[in-house]
Every structure is written in structure tokens, then in C-alpha cells.
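Coordinates in review
Spelled out from the first residue to the last, the chains are:
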Amino acid sequence: MAQLEPFSRTISSTYLAYEDRVPADLFAVSELSTSSCNQRINSNSNVNNSNNANTNIPKPPPLPSSLGYSKTPDPSHRRSGYSWVPKETKNTWERLFEEGYRADVHILTDDKAVIPSHSNILGVASPVFRNILNQMRAKDRIPCIRIPGVPSEAVRTFVRFLYSSCYEKEAMKRFVLHLLVLSHTFSVPSLKRVCSEHLEHGLLTMENVIDALQLARMCDASRLELLCIRFIVNNFKSISTSEGWKVMRKTDPQLEQELLEYVVEADSRKQEKTKRIEERKIYLQLYDAMEALMHICKDGCRNIGPHDKVLKGGEGACNFPACKGLELLVRHFSSCKVRVPGGCTHCKRMWQLLELHSRMCGEPDVCKVPLCKHFKEKMKQQSKKDEVKWNLLVSKVMAAKATVNSLSKFKASGPYGININTW
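Treat the numbers as computed from the prediction; the structure is a model and nothing was measured.

1. Notes on the overall build of the protein chain
Scanning the protein chain from N- to C-terminus turns up 17 helices and 3 strands. In the protein chain, buried positions account for 33% of the 423 residues. Relative to all contacts within the protein chain whose residues are 6 or more apart in sequence, the contacts with residues 24 or more apart total 59%.

Next up, the structure:
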């Protein structure tokens, strides 16, 4: 990483350091006794058996509430209550942090800054701090905890968050990646969540996305990792020339290979999606041509139509979008001297449209489209290969039109099935 390389190297080499007296089993987790758990399970089962005997007793009605709302238990805490913190309470915690009143522990940084803190608050906010403080021996002077590889302002923002969950917007913008690593190192999931949200909603840039991706993998931030990969894929040309990419290419070539595979896969999906959209457009144009052909042959349109219809050339524009183009094709087909399926390109297209209509038509005996019944008879003499090809084309044309119709109905009815046109 370009900007955070000294910091991440220090974090990985010396996970935590304070007074150079941290034992090797600093983060050991003690196991719970299974005997006490079994006793509780047995006692709970006895209570449940006694409660089942009184199932016929009706439950009393709830007490009336004059405020109009009820308490909701917080599953992350043993105690339940309302989640409302007044501004005065936050100001009290802010003053306690700023003034360092009766601070009993000092946090040291590489630039020799000293941040007075309270061991009780650090221990409650972070289990890692609690382990550190428990391992410290009693001394005459104030104990110190050293956090190496991080700017003092970032450490100060981190400690302030442990007190009041507050931070300055500018500090978050400058040290969001440092705070992300600190939140993971000292096990503060609320701060990790805040950092990930800020990166997701504006702090992720072309310059820091590579660093953010590597730190997201180190810090087990799976959502942030996915967002970084998506950001890189969408802006690959600009990011591939950045300083962060050049450093990553030297330090982590495996990650570069993974990102290149993501980019290739995304390009393939994009090309496949574009191809499907173009195919759907063609199938919709064919369906519109079938509708316009039926319209011309059955009802007539302006200056073209069946011989038994009185045409009105002065009428307005036709509602069928393919009618104008099909009219020109029909006029050419009627006057072309070649008119063989393999001779004239325009006539060949007209032959194909007539055959497609005949395969989609369900009433060839009464259909007014020319040669509809003729092509129905011709289908019986075609090879199996041609039959499969035409059936596939018909199914795709009908499927494309069905998709458009369903989307039109959804837009007309609205998201909740309400017809917005009737309002």
C-alpha cells in the first residue's frame, strides 16, 4: 500500500506494544465451564415443565401506557430500555475525554504524543484494551499503552470515539483507513461499521481504493471488500495507472491477478448483456413487422391495403411503428421483376416475413395475408433442421413481446398492483 505501508507493516509485526512487557498469551480466551451450563439447562427445563402445567390459566392483559409506546429490549445488552442519549450526556463524555479528569492510563504514539485516558472506559469499550490492562502489573507511575504506526490525530480520534461515539467529519475523511485498522485491531465493531459506511458513501476514491481493498481483507470487512472490487472494475482504466496499483503489483501480485480476472469477467458479462439487448430489439422489430403486416393486409393503411377496402390517404399517422417501412417493402415486392427468394435482397426479406407470419398465424384458412396457407403446406416438406430453426425464432419473438407486455403492465399498475391510470 502506498500511504499506509509503514503503518500496516508495524501493525502486522507488532500487533500491540506497551512498555515492552506484553506476555505471549495476551489474547487468550478462557473457556466457560460446561458443568454450570448444564445446571442452568436442567433448571430451565424444570421451570418449563412447571409452566406447562398452568397453560390453562389466561394471561393478564397488558398494563395501559400513558405515553403511547412500549419498551423494546436491546438484544445486545442484558438490560432493556430506551435508546435515547441527550446532548448533555454526550457533552459530559466529551469533557471527560478532553480534560482527562482523573485519567489513570496514558496512550503513547510514535510522534511522542500522550493521550490521557481512563482504564475503565477503555476496558469496557474494547476487549483488547481490557486484556492489556489486566495483564499490566501495578506500578507507582501511570501505566502507558503504546500504539505504533498511526498518526497521533488518528489515535486521538479513535480514543474519543471510545468515549462518546463522536468524531469530526474532517478527521474521519483524513484517517478513515487508519480508524478502520484500529477498529479491527482493538475489536470495536461500531467504529468499523462507521468507517465502512463512510467509505461506501463518498470516501472511497481512485487513490485509496487499492489500500482500502487490502485493509478490508485484513480487517474481515467483507461488504467493504466487495464494494472496493466493484469500484475497481467500474473504474479500471483510471485505477490501473494509480500509484496504489503500482505498489500492489509489486507487493501482492496474486491480488492483481484476481482483480484482472474480475475485470475480464465483468467485460464478458457486459458484452453478453449487450448482445441479449440487441437480440431482443431485433425480435421486437420482427413482432412489430408481423403486427404491421396484419394491419396492412386486413384493414389497410393510408395508401396501401386490400383491394376490397376503401383507402383514405389523408388520414393521420399510423399507430404501428413498422408500418411505413413495411409499406415500402411491400411496394417493392409487388413491382420487383426478380422476386425470387435468392435473387433480390429486399424480396428475400419479404419472403422471410411472410413465412414467419405463417408460422405464427393460427387461422390460415381465413387469414388475409398473402401466401399464409401456402407456407403452412410448405412446412410439411421442410427438413427437421429448418423446422427447429424456425420454431426457435418464433419462440424468441413471442418471448420478447411477452417481456415487454409484462413490463408495461407493471408500470401501469404500479409497484403495489394499483392501476395508476385510474387515479
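2. What about the sheet that holds strand β1 (residues 105–108)?
Here 3 strands make up an open sheet; going across it, the order is β2-β1-β3 and the pairing mixed. For this open sheet the edge positions go to β2 (114–117) and β3 (144–146), each flanked by a neighbour on one side alone. Averaged over all adjacent pairs, the angle separating strand axes in this sheet is 25 degrees, with direction ignored. Sheet topology note: the β1/β3 ladder contains 3 bridges and is parallel. Within the sheet, the bridge partner assigned to isoleucine 107 lies in β3 and is isoleucine 145. Of the strands in this sheet, β1 and β2 are in contact with helix α6 (residues 152–164), which crosses β2 at around 10 degrees.

3. A few points about the pattern of salt bridges
Applying the stated criterion across every chain, the model contains 12 salt bridges. Residues arginine 160 and glutamate 168 are paired through a salt bridge, measuring 3.4 Å at the closest nitrogen-oxygen approach. Ionic contacts of the salt-bridge type, sharing partners, join the residues Glu94, Arg160 and Glu168 into one network.

4. Concerning the packing of helix α7 (residues 169–185) against helix α9 (residues 209–218)
Two elements in contact, α7 and α9, have axes separated by 10 Å at closest approach and are oriented at 5 degrees. Relative to α9, the element α7 is oriented roughly parallel. Along its contact with α7, which presents Leu177, Leu180, Val181 and His184, the element α9 presents Asp211, Ala212, Leu215 and Met218.

5. A word on the packing of helix α10 (residues 222–234) against helix α13 (residues 253–298)
Two elements in contact, α10 and α13, have axes separated by 9 Å at closest approach and are oriented at 65 degrees. Note on packing geometry: the crossing formed by α10 with α13 is right-handed. Contact with α10, carried on its side by Ile229, Ile232 and Val233, involves Leu259, Tyr262, Val263 and Ala266 of α13 and no other residues of that element. Here the contact of α10 with α13 is built from residues that sort into 7 nonpolar, no polar and no charged.

6. So, the pairing of β2
With burial as the criterion, only one face of β2 is covered, namely that bearing Ile115 and Ser117; the residues Val114 and Pro116 on the opposite face remain uncovered. In this sheet, β2 lies alongside β1 in antiparallel orientation, the contact comprising 4 bridges. Its bridge partner lying in β2, leucine 108 is registered against valine 114. The hairpin formed by β1 and β2 contains 5 residues between the paired strands, and lysine 112 there has a positive phi angle of roughly 65 degrees.

7. Remarks on the environment of phenylalanine 158
Mapped onto the secondary structure, phenylalanine 158 falls in helix α6. For phenylalanine 158, a relative accessible area of 0% puts it in the buried group. Phenylalanine 158 has contacts with Phe129, Leu179, Leu182, Ser183, Phe186, Val188 and Leu191, leaving out every residue within four places of it along the chain.

8. Concerning the side chain of asparagine 208
Within the element layout of this structure, asparagine 208 appears in the loop between α8 (189–203) and α9. Here asparagine 208 is in contact with Leu177, Leu199 and Leu203, once residues within four sequence places are set aside.

9. Thoughts on the confidence of the model for the protein chain
When the pLDDT values of the protein chain are averaged, the result is 77; 70% of them are 70 or greater. Within the model, the stretch residues 5–54 combines pLDDT values under 50 with 41 contacts to residues more than four positions away or in other chains. Between residues 64–78, whose pLDDT stays under 50, and residues either more than four places distant or in other chains, the model counts 7 contacts.

Cut-off values and rules
- Residues numbered from 1 in each chain as written.
- Predicted model: local features only at pLDDT ≥ 70, side-chain atom pairs only at ≥ 80, totals over all residues.
- Heavy atoms only, no water.
- Helix = DSSP H or I, 4+ residues; strand = E, 2+ residues; numbered from the N terminus.
- Buried < 20%, exposed > 50% of the residue type's maximum accessible area, 1.4 Å probe, protein only.
- Contact = heavy atoms within 4.5 Å.
- Pairing = 2+ DSSP bridges.
- Axes fitted to C-alpha atoms, helices over the stretch in contact; angles between N-to-C directions.
- Salt bridge = Lys/Arg side-chain N within 4 Å of Asp/Glu carboxyl O.
- Parallel < 35°, antiparallel > 145°, perpendicular 65-115°, else oblique.
- Left-handed = near helix turned anticlockwise from the far one by under 90°.
- Nonpolar A, V, L, I, M, F, W, Y, C, P; charged D, E, K, R; others polar.
- pLDDT = per-residue confidence, 0-100.

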